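Understanding the architecture of this molecule
Chain by chain, the residues:
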Amino acid sequence: MGWVALFPRNKLYGAIAGALLAGAPLIAFDVWIGGLLERQGSEESLLLAKRAVALAETRVSQTISMLDGLAAAGVNSCSPEHLAAMRRAVFLTAPVKGVAVIDADNQPMCTQVGPPNGISRILSAEPLENVPGYALEVIEAGGGQRMVRLRRKAGGGVADICAVIPVELFLPQISTNGGPLNVYASVTTGRGALIGTNGALPSDQADGSFSGGAQSSKYGFIATTTLARWRAIENHSDLSWLSHFAAIALGLLIVTLGIILPRRETGNPVAELQRALEAGEFVPYYQPLVDIRSGQLRGAEVLVRWKKPDGSLVLPGAFIPLAESSGMILALTRDLMKRVCAEAGPAIGKRPGLKISFNFAAQLFRSDSIVKDVRNIFVGSPIQMSQVVLELTERDPIENLTETRRVVAALQGLGVRIAIDDVGTGHSGLSYMLKLGVDIIKIDKMFVDAIGTDRNSTTIVETLVDLAHNMRMDVVAEGVENFEQVVHLRELGIRSAQGYVFAPPLPGSAFLQLVESLDPLPAAAVESKVAESARRYMDARTQFDAA
Ligand code: C2E
Ligand code: CA
Ligand code: CA
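Read on for a plain summary of the structure. Just so we're clear, the structure is a prediction, and the values are computed from it rather than from any experiment.

1. Focus on the site of ligand 1
The local shell around ligand 1 holds 22 residues, among which Gln287, Arg305, Asp421, Glu481 and Tyr500 are the closest. Between an oxygen atom of ligand 1 and a side-chain N or O atom of arginine 305, the distance comes to 2.9 Å. A distance of 2.6 Å separates a nitrogen atom of ligand 1 from a polar side-chain atom of glutamate 481. Protein chains bury 83% of the 790 Å² of accessible surface belonging to ligand 1 in isolation. Sorting the residues of the shell around ligand 1 by element identifies strand 12 (297-307), helix 8 (329-349), strand 14 (355-361) and strand 16 (417-423) as the ones contributing at least two each. No other element matches the four residues that strand 12 contributes to the shell around ligand 1. Grouping the amino acids of the shell around ligand 1 by side-chain chemistry returns 10 nonpolar, five polar and seven charged.

2. Overview of helix 6 (residues 269-278)
Buried within helix 6 are the following residues: Glu272, Leu273, Ala276 and Leu277. Projected onto a plane normal to the axis of helix 6, the buried residues spread over an arc of 140° and lie on a single side.

3. Considerations on the coordination of the calcium ion (ligand 3)
Four donors placed tetrahedrally around a metal ideally meet at 109.5 degrees, and six donors placed octahedrally ideally meet at 90 or 180 degrees. Only Asp421 (OD), Asp422 (OD), Glu478 (OE) and Glu478 (OE) from the protein reach the calcium ion (ligand 3) as donors, at distances of 2.0 to 2.8 Å. Spacing between the donor residues of the calcium ion (ligand 3) along the chain follows D-D-x55-E. The distance between the calcium ion (ligand 3) and the calcium ion (ligand 2) comes to 4.3 Å, and aspartate 421 binds to both of them. With aspartate 422 in strand 16 and glutamate 478 in the loop between strand 18 (474-477) and helix 14 (483-491), the pair connects residues that are 56 residues apart, well separated along the chain. For glutamate 478, a relative accessible area of 10% corresponds to the buried category.

4. With respect to the packing of helix 8 against helix 9 (residues 369-379)
Contact pair helix 8 / helix 9: the axes reach a minimum separation of 10 Å and the direction vectors enclose 20°. As summarised for this structure, helix 8 and helix 9 are arranged roughly parallel, according to the angle between their axes. You can see that helix 8 and helix 9 cross each other, and the crossing is right-handed. The residues of helix 9 that touch helix 8, namely those facing Leu330, Arg334, Met337, Lys338 and Cys341, are Ile370, Asp373, Val374, Ile377 and Phe378. Tallied by class, residues from the contact of helix 8 with helix 9 come to seven nonpolar, no polar and three charged.

5. Overview of the nonpolar core
Core analysis: the largest hydrophobic core is formed by 78 residues, its most contacted members being Phe358, Val374, Phe378 and Leu411. Take this core: its biggest share by element is eight residues, from helix 8. The contact partners of valine 374, leaving out residues within four places of it in the chain, are Met337, Phe360, Met385, Leu390, Leu411, Leu414 and Val416. Val101, Val148, Ile161 and Ala223 belong to the second-largest nonpolar core, a separate cluster that totals 46 residues.

6. A closer look at the pairing of strand 8 (residues 194-198)
Bridge count for strand 7 (residues 184-188) against strand 8 is four bridges, and the pairing is antiparallel. Within strand 8, the position partnered with alanine 185 by the bridge is asparagine 198. Here strand 7 hands over to strand 8 after five residues, with glycine 192 in that stretch at a positive phi of 100°.

7. Structural notes on the sheet that holds strand 7
Taken in spatial order, the four strands line up as 8-7-10-9 in an open sheet, and their pairing is antiparallel. In the strand order of this sheet, the two ends are held by strand 8 and strand 9 (209-215), each with one partner. In this sheet, adjacent strand axes meet at a mean angle of 10° when their direction is disregarded. Two elements, strand 7 and strand 10 (residues 222-228), share five bridges in a ladder whose sense is antiparallel. Bridging across to strand 10, valine 187 finds its partner in alanine 223.

The rules we used
Within each chain, residues carry numbers counting from 1 in the order of the written sequence. Written order determines the labels here, with chains lettered from A and ligands numbered from 1. At least 70 in pLDDT is required for a residue's local features to be given in this predicted model, at least 80 for side-chain atom pairs to be given and counted, and no such filter applies to totals for whole chains, interfaces and linings, which use all residues. The side-chain figures draw on all heavy atoms in the structure; neither hydrogens nor water molecules are used. Nearness is defined per residue: one heavy atom within 4 Å of the molecule or strand is enough. What qualifies as a polar contact is a pair of N or O atoms within 3.5 Å, subject to a donor-acceptor requirement within protein and to the restriction that residues adjacent in sequence count only when both atoms come from side chains. Computed with a 1.4 Å probe, the accessible areas rest on the Shrake-Rupley method; for each residue, only the protein chains presented here act as cover. By definition, any uninterrupted DSSP run of H or I lasting at least four residues is a helix, any uninterrupted run of E lasting at least two residues is a strand, and each is numbered from the N terminus. Residues are grouped as follows: Ala, Val, Leu, Ile, Met, Phe, Trp, Tyr, Cys and Pro are nonpolar; Asp, Glu, Lys and Arg are charged; all remaining types, including Gly, are polar. Between buried and exposed lies partly exposed: a residue is buried under 20% and exposed over 50% of the maximum accessible area for its type, with that area taken using a 1.4 Å probe on protein chains only. The arc in question is the one spanned by the directions pointing from the helix axis to the C-beta atoms. In this description, a donor is an N, O or S atom within 2.8 Å of the metal centre, a cutoff extended to 3.2 Å for sodium, potassium and calcium. Water is not part of the atom list, which can make sites seem incomplete. Axis lines are fitted through C-alpha atoms, for helices just across the contact stretch, and the angle between N-to-C directions can take any value from 0 to 180 degrees. Working rule for angles: under 35 degrees goes down as roughly parallel, over 145 as roughly antiparallel, 65 to 115 as roughly perpendicular, anything else as oblique. By the definition used in this description, the sense in which the near helix is turned from the far one sets the handedness, with an anticlockwise turn below a right angle giving left-handed and a clockwise turn giving right-handed. By definition in these notes, contact holds between two residues if any of their heavy atoms fall within 4.5 Å. Remark: nonpolar core denotes a set of buried residues (Ala, Val, Leu, Ile, Met, Phe, Trp, Tyr, Cys) joined through side-chain atoms within 4.5 Å. Strand pairing is assigned whenever DSSP detects at least two bridges linking the two strands.

What follows is the structure, given as structure tokens:
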């Protein structure tokens, strides 16, 4: 047995369809998330480049106004009041680490809070863009730190005054989400001289990276940033997890719907019956009817079974009531009769002594059209009308006894015989027996079980059998399960019986085999007699030859 057998097929299809459908949103989510991360990555690197430019502009602007202030105050020497002015200016201007007055030979005349070891190298020098009279230099201090130096003419025009700012103040130190810097950033002067860098350049470029760039419109600084793709994804791992979670949840939802929806479809039982009828899933089973005096086979009752595609058999009690209340019983009964004609018609037709009975819901006797149906079905079949028995099976009281009586008579006109099922129970009482003019009564299992043990039941059955015989009706006992019951039924003068003691309802092939073995056809009997005499003749010849 495979997995498929354990998992109902419609659910399996539902799950597969669900999985396929769920794949689409998963892919869509992935594409969407990919696009989102792409945008987020480029946006982040651009934002950090712009931030670097903004930092540089602010630092330089602050420094310019400080130096302009000192120049305007005429600071151009190392006099005590000039030094005091410089000290005050450094104190008030956050980014500036030191101020110096420089003579024509480029040597500091004096330094107010300058780099501790002085300046070792000038790395680049150029005019500051858009600000006449200012120069921008990148220098290396004695300790090795890079610094930006801004420089202008001092008051009186003899010397220069300059201020130094650490390059770190030109560069972003944190990422946009407030965490440690995740980009590599570099800032250059308008002419491209490097001011400084921060962060590590992504070494593994295999995964790709995002880059951003910005230029200062005020002073020409250029900032560029590089953000490794994996870092951008790591930054938004919460987002990506959320989207994966949503995609998985959506997928599961669709898979579940794929399983539930087919079940809901089968939740419409009438539609399911209709489908089963069209698919030919209602099949006849045959319960043998036996002559309890001679032991001969007298025929069979057709009992419907629903053979589902998975091989399971459903008993009529589970679907006949719905077939009746939905009106589908007519189509189902017609279909069953046709199937019996095709399957057992030849075997029954060749044995005129066999009867075949069908259960007919009482509602089928409400209209004349059933007479035409029965004629059309059996007229072209090997089964003779005289072999057909229709059992009037009723769950509710018959509404219109006169009409039913008329249809019963019309059917009898075709040559078929009518039985009342389950006599003695429910509504099937004496009145139906007396008023409907039927040919056979079937004594219910309930009475068969009570015969011999319950005096009253035995009396009722005795009365029913007497009455039936007086009215020239045949009597069939149902649900006979043991030989004691057979003996009692014989004593009561009953000839026909069916029940597990003889056979349960059998599938067509088994019933046909039983028919062949219990009731071999005369032609077959002749054939076997010929075969036997031929064998005897050959035996005799052999003995004769041997002698
Ligand atoms: P029913 O016509 O009274 O059929 C006899 C029921 O008793 C059958 O049940 C049969 O399998 C069961 N049976 C036979 N011998 C014995 C026995 O010795 N002991 C016990 N305990 N039971 C026995 P089944 O096949 O389940 O059918 C149930 C009912 O469904 C039938 O009762 C009949 O009323 C209805 N039915 C079956 N086929 C059709 C059909 O084609 N059309 C209609 N309208 N009703 C049907
Ligand atoms: Ca019956
Ligand atoms: Ca019955």
